[in-house]
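Architecture and fold: a report
Letter by letter, the chains look like this.
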Amino acid sequence: MSRLNSGESGEPGRLLQPTPGEERMTVMLAAFEGWNDAGEAASDMLKYLHKLWDAKKVDAIEPDEYYDFQFTRPEVRLTSTGGHKIKWPVTKIAKATIPNTNIDIVLVHGIEPSYRWRAYTAEILAKAAALNVSHVVLVGSLLADVPHSRPIPVTATCDDEELAERLSLEPSQYEGPVGIVGVLNEVALLAGLPTISLWAAVPHYVAQAPSPKAMLALLNRLEDFLNVTLSTDEMVDDAEAWERGVNALAADDAEIAAYVQQLEEAKDTAELPEATGESIAKEFERYLRRRGHEQP
């Protein structure tokens, strides 16, 4: 049974709402490095929010039972005193409050484990319950046949019927191998937590990290669901610089340039109706929200 409030929000435009009887809402954002993290866009997004909201570590999942250390190796780091310290692949759990909102955020950032995925996701949800998490947003990125010169697509899906209806989302239609994000999505739903999955499509011909344009697209979509304004000016500059760099690389290779043009034409043809409707409306709403946030 979903714990989502099925009533209308008291705040215009609010998409996610507190549990009935609660004034505040706690949303868990989770991303995992590895198979679910093309261009490291998802994990870099969590790192960005951790710094932006000054999140504080509140818990962790120790790695010993979940990782093959010959595959996911610990790293040695130099300390400020000149010594050495082993950094283990710990799943970090941090908490923050979004300023001027009733939203608390729990950030879960780890590496996709090697073993015992069901036990690992159960441990995450046990810690989520202890932190009074009421909603889950899972973030991933995948390689796709999309052009770097167009807006990065972000697919949002929801398998919770009540939440999907309110947000006008569709359940995932994917069939095939899944990563830890897919497993956590199913386990969270079984635990009664309304869950959204956000997936950014990273151009496969520029798959190396970082991927700031995909990260920015994920941040923009998160803004829409939480109805908040995020400080992304620095990320906009990075995304524009990234796009200019890929343009320069494509210009030096006629085969890649032709392939990019083919992707652009396919994208423009497929999205022409949307470009004149809903997508423009969303961008205008985001502009108004940012403008209102910047005014004294």
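Residues numbered from 1 in each chain as written. Predicted model: local features only at pLDDT ≥ 70, side-chain atom pairs only at ≥ 80, totals over all residues. Heavy atoms only, no water.

1. Quick notes on the packing of aromatic side chains
Aromatic ring pairs are described here by two measures, namely the spacing of the ring centres and the angle between the planes. One pass over the full model with this rule turns up four aromatic pairs. Between Tyr 66 and Tyr 120, the ring centres sit 5.2 Å apart and the planes meet at 70°, which makes this aromatic pair edge-to-face. Placement of the pair is Tyr 66 in the loop between strand 2 (56-61) and strand 3 (75-78) and Tyr 120 in helix 2 (residues 117-130), with a sequence separation of 54 residues. Ring centres 5.1 Å apart and planes at 65° place the aromatic pair Phe 69 and Trp 88 in the edge-to-face group. Remark: Trp 88 occurs in the loop between strand 4 (84-87) and strand 5 (91-97) and Phe 69 occurs in the loop between strand 2 and strand 3; sequence separation between them is 19 residues. You can call Phe 69 partly exposed: its relative accessible area is 23%. Among the aromatic residues, those joined into a cluster by ring pairs are Phe 32, Tyr 66 and Tyr 120. (Phe/Tyr/Trp six-rings, centres within 6.5 Å; stacked < 30°, edge-to-face > 60°. Helix = DSSP H or I, 4+ residues; strand = E, 2+ residues; numbered from the N terminus. Buried < 20%, exposed > 50% of the residue type's maximum accessible area, 1.4 Å probe, protein only.)

2. A look at the confidence of the model for the chain
Of all residues in the chain, 86% have pLDDT values of 70 or greater, and the mean over the chain is 88. Below a pLDDT of 50 lies the segment residues 1-14, which in the model reaches 36 contacts outside its immediate sequence neighbourhood of four places, other chains included. (pLDDT = per-residue confidence, 0-100. Contact = heavy atoms within 4.5 Å.)

3. So, the nonpolar core
Judged by nonpolar contacts, the single largest core of 47 residues is most densely connected at Val 27, Leu 29, Ile 105 and Leu 226. The biggest single contributor to this core is helix 5 (residues 212-226), with nine residues. (Core = buried A, V, L, I, M, F, W, Y, C linked by side-chain atoms within 4.5 Å.)

4. Here's the deal with the environment of Pro 151
Following the sequence through the fold, Pro 151 ends up in the loop between strand 7 (135-144) and strand 8 (154-157). Sequence separation between Pro 151 and Leu 216 is 65 residues; the distance between their C-alpha atoms is 10.0 Å. Leaving out residues up to four positions away in the same chain, Pro 151 has contacts with Lys 213 and Lys 267.

5. A closer look at the sheet that holds strand 7
With respect to topology, seven strands assemble into an open sheet ordered 2-5-6-1-7-9-8, the strand pairing being mixed. Two strands bound the open sheet, and with one partner strand each, they are strand 2 and strand 8. In this sheet, neighbouring strand axes are inclined to one another by 20° on average, regardless of whether the strands run parallel or antiparallel. Pairing of strand 2 with strand 5 involves five bridges; the strand directions are antiparallel. By the bridge assignment for strand 5, Ile 61 is matched with Thr 91. Where helix 2 meets the sheet, it contacts strand 1 (25-33), strand 2, strand 5 and strand 6 (103-111), and its direction lies at approximately 145° from that of strand 2. (Pairing = 2+ DSSP bridges. Axes fitted to C-alpha atoms, helices over the stretch in contact; angles between N-to-C directions.)

6. What to know about helix 4 (residues 180-190)
Along helix 4, the residues classified as buried are Ile 180, Val 181, Val 183, Leu 184, Asn 185 and Ala 188. Of the surrounding secondary structure, the elements contacted by the buried residues of helix 4 are strand 1, helix 2, strand 7 and strand 9 (195-203). Phi turns positive, to about 85°, at Gly 192, one or two residues after helix 4.

7. Here's the deal with the environment of Thr 97
On the secondary structure map, Thr 97 appears in strand 5. Each C-alpha atom, one on Thr 97 and one on Asp 54, is 8.6 Å from the other, the two residues being 43 residues apart in sequence. Residues within four places of Thr 97 in sequence aside, it is in contact with Arg 24, Ile 103 and Asp 104.

8. What to know about the side chain of Ser 197
With respect to the helices, strands and loops of the structure, Ser 197 is situated in strand 9. Under the relative-accessibility criterion, Ser 197 is labelled buried at 5%. At 3.5 Å, the side chain of Ser 197 forms a polar contact with the side chain of Asn 185. Filtering out sequence-adjacent residues up to four positions away, Ser 197 remains in contact with Leu 138, Thr 155, Ala 156, Thr 157 and Asn 185. (Polar contact = N/O pair within 3.5 Å; in protein donor to acceptor, adjacent residues only side chain to side chain.)

9. Remarks on a negative patch on the surface
Together, Asp 233, Glu 234, Asp 237, Asp 238 and Glu 240 make up a region of like negative charge exposed at the surface. Tracing the chain through its elements places Asp 238 in helix 6 (residues 233-251). (Patch = residues over 30% accessible without salt bridge, like charges linked within 9 Å, V, L, I, M, F, W, Y side chains within 5 Å. Areas by Shrake-Rupley, 256 points an atom, 1.4 Å probe, with all protein chains shown as cover. Salt bridge = Lys/Arg side-chain N within 4 Å of Asp/Glu carboxyl O. Lys, Arg positive; Asp, Glu negative; His and termini not counted. Charge placed at Lys NZ, Arg CZ, Asp CG, Glu CD.)

10. Details of the pairing of strand 1
With eight of its nine residues buried, strand 1 lies for the most part within the structure. In this sheet, strand 6 lies alongside strand 1 in parallel orientation, the contact comprising nine bridges. Directly across from Phe 32, in strand 6, lies its bridge partner Gly 110. Note: strand 1 against strand 7, four bridges, orientation parallel. Residue pairing in the sheet places Met 28 in a bridge with Val 136 of strand 7.

11. A closer look at the environment of Ala 188
Relative to the helices and strands, Ala 188 resides in helix 4. Other than its neighbours up to four places away in sequence, Ala 188 contacts Leu 125, Val 136, Leu 193 and Thr 195.

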